[in-house]
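# Chains, contacts and geometry: an overview
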Amino acid sequence: ATADGQRERRVTTRSLLPWIVLVLSQIAWVIAILGGARGMWWPGVAAVTVVVVVHLASAPTWHEGKRLALSVAIGIAGDGLLGMLGICRWQDGSLPPPWMVALWPNFAVLLTGALTWLVRKPLSWAAVLGAVGGALAYVGGARLGALTFPPGTLQGCLAVGGHDQPPVPTAT
């Protein structure tokens, strides 16, 4: 405690780790997108591997690896569907390339790190953040040349943001 009665707060590597992973994650995203725009999958996969290794080295339980594997499965399914429906197209074709698949665990590491504050918020906060942030990430990737939206950017954003569902009929 200090002389004025307030507790000192020590900054440790452990307390900085979520922010270190956040910065590394953003760098990995840029590397993956720029590599993908040039038809190279390995720079993004390598960069994300570093992020995941740093994250897993500090993970409190082995369940974290399962969660990251689940994020890969969800990413393959979601991006695969976007590709098969013709909403997204990558340089390699309509199936998501390895660098794109790698971005899912790259995002997932943030959920138990820099984005843990969302756990204490209503689910609607996560939904809005995911819809807007996801759409912006895809648009950023498109602007950098890593993917295209054949039906158009607006339609791609709506699909990525999860707003492409038909309206639910209401009882009259």
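None of the values given here were measured: they were computed from a predicted structure.

## With respect to the overall build of the protein chain
A tally of helices and strands in the protein chain yields 6 helices and 2 strands. Beginning at the N terminus, the succession of helices and strands in the protein chain can be written as α-α-α-β-α-α-β-α. Evaluated residue by residue, the protein chain yields a buried proportion of 34% over its 172 residues.

## Focus on helix α5 (residues 123-143)
The terminal C-alpha atoms of α5 lie 30 Å apart, and with 21 residues this matches the ideal 30 Å at 1.5 Å per residue to within 8%. Here α5 has its buried residues at Ala 131, Gly 134, Ala 135, Tyr 138, Val 139 and Gly 141. The arc enclosing the buried residues of α5, seen along the axis, measures out at 160°, which places them on a common side. Of the exposed residues in α5, those oriented more than 90 degrees away from the buried face are Val 128, Leu 136 and Arg 143. Positioned one or two residues after α5, Gly 145 has a phi angle of 90°, which is positive.

## Overview of the layout of surface pockets
By volume, the largest pocket is sized at about 1,200 Å³. Taken together, 41 residues form the lining of the largest pocket, with Trp 104, Phe 107, Gly 130, Gly 134 and Tyr 138 sitting closest to its centre. Listed by contribution, the elements that provide at least two residues to the lining of the largest pocket are α1 (13-37), α3 (63-84), α4 (98-111), α5 and α6 (153-160). It is α5 that contributes the most residues to the lining of the largest pocket, 9 residues altogether. Residues of the lining of the largest pocket, tallied by class, amount to 27 nonpolar, 11 polar and 3 charged. Its boundaries defined by the atoms lining it, the second largest pocket holds a volume of some 180 Å³. Lining of the second largest pocket is provided by 14 residues; of these, Leu 17, His 55, Ser 58, Thr 112 and Gly 113 occupy positions nearest its centre. For the lining of the second largest pocket, the elements supplying multiple residues, two or more each, are α1, α2 (42-58) and α4. Per-element accounting of the lining of the second largest pocket gives the leading share, 4 residues, to α1. For the lining of the second largest pocket, the residue count by class is 8 nonpolar, 4 polar and 2 charged.

## Things to note about the nonpolar core
Soluble globular proteins tend to pack their nonpolar side chains together in the buried interior. Residues Leu 82, Cys 88, Trp 99, Leu 103, Val 109, Tyr 138 and Phe 149 are the most contacted members of the largest nonpolar core, which totals 33 residues. If you list the elements that add at least two residues to this core, you get α1, α2, α3, α4, α5 and α6. For Tyr 138, the residues in contact, after removing those within four places along its chain, are Asp 79, Leu 82, Cys 88, Met 100, Trp 104, Leu 147, Phe 149 and Val 160.

## What to know about the confidence of the model for the protein chain
Interpretation of this model should avoid reading the predicted coordinates in detail wherever pLDDT is low. Of the residues in the protein chain, 85% have a pLDDT of 70 or more, and the chain-wide mean is 84. Across residues 163-172, where pLDDT falls below 50, the model places 4 contacts with residues more than four positions away in sequence or in other chains.

## Let's talk about the packing of aromatic side chains
In this structure the tally under the stated criterion is 1 aromatic pair. Ring plane angle 75° and centroid distance 6.4 Å describe the contact between Trp 117 and Trp 125, whose orientation is recorded as edge-to-face. Under the relative-accessibility criterion, Trp 117 is labelled partly exposed at 34%.

## Some details on a nonpolar patch on the surface
On the surface, Leu 81, Met 84, Leu 85 and Leu 95 cluster together into a nonpolar patch covering about 450 Å² of accessible area. Take Met 84: it is sitting in helix α3.

## A short note on α4
For α4, the buried fraction is high: 10 of the 14 residues fall into the buried class. Those residues of α4 that sit buried are Trp 99, Met 100, Val 101, Ala 102, Leu 103, Pro 105, Asn 106, Ala 108, Val 109 and Leu 110.

Scoring rules and cut-offs
Residues numbered from 1 in each chain as written. Predicted model: local features only at pLDDT ≥ 70, side-chain atom pairs only at ≥ 80, totals over all residues. Heavy atoms only, no water. Helix = DSSP H or I, 4+ residues; strand = E, 2+ residues; numbered from the N terminus. Buried < 20%, exposed > 50% of the residue type's maximum accessible area, 1.4 Å probe, protein only. Expected span 1.5 Å × (residues − 1). Arc of directions from axis to C-beta. 1 Å grid on protein atoms, 1.4 Å probe; cavity = no way out; pocket = protein on both sides within 12 Å on 5 of 7 lines; lining within 4 Å. Points joined across faces, edges and corners; volume = space filled by probe spheres on them. Nonpolar A, V, L, I, M, F, W, Y, C, P; charged D, E, K, R; others polar. Core = buried A, V, L, I, M, F, W, Y, C linked by side-chain atoms within 4.5 Å. Contact = heavy atoms within 4.5 Å. pLDDT = per-residue confidence, 0-100. Phe/Tyr/Trp six-rings, centres within 6.5 Å; stacked < 30°, edge-to-face > 60°. Patch = residues over 30% accessible without salt bridge, like charges linked within 9 Å, V, L, I, M, F, W, Y side chains within 5 Å. Areas by Shrake-Rupley, 256 points an atom, 1.4 Å probe, with all protein chains shown as cover. Salt bridge = Lys/Arg side-chain N within 4 Å of Asp/Glu carboxyl O.

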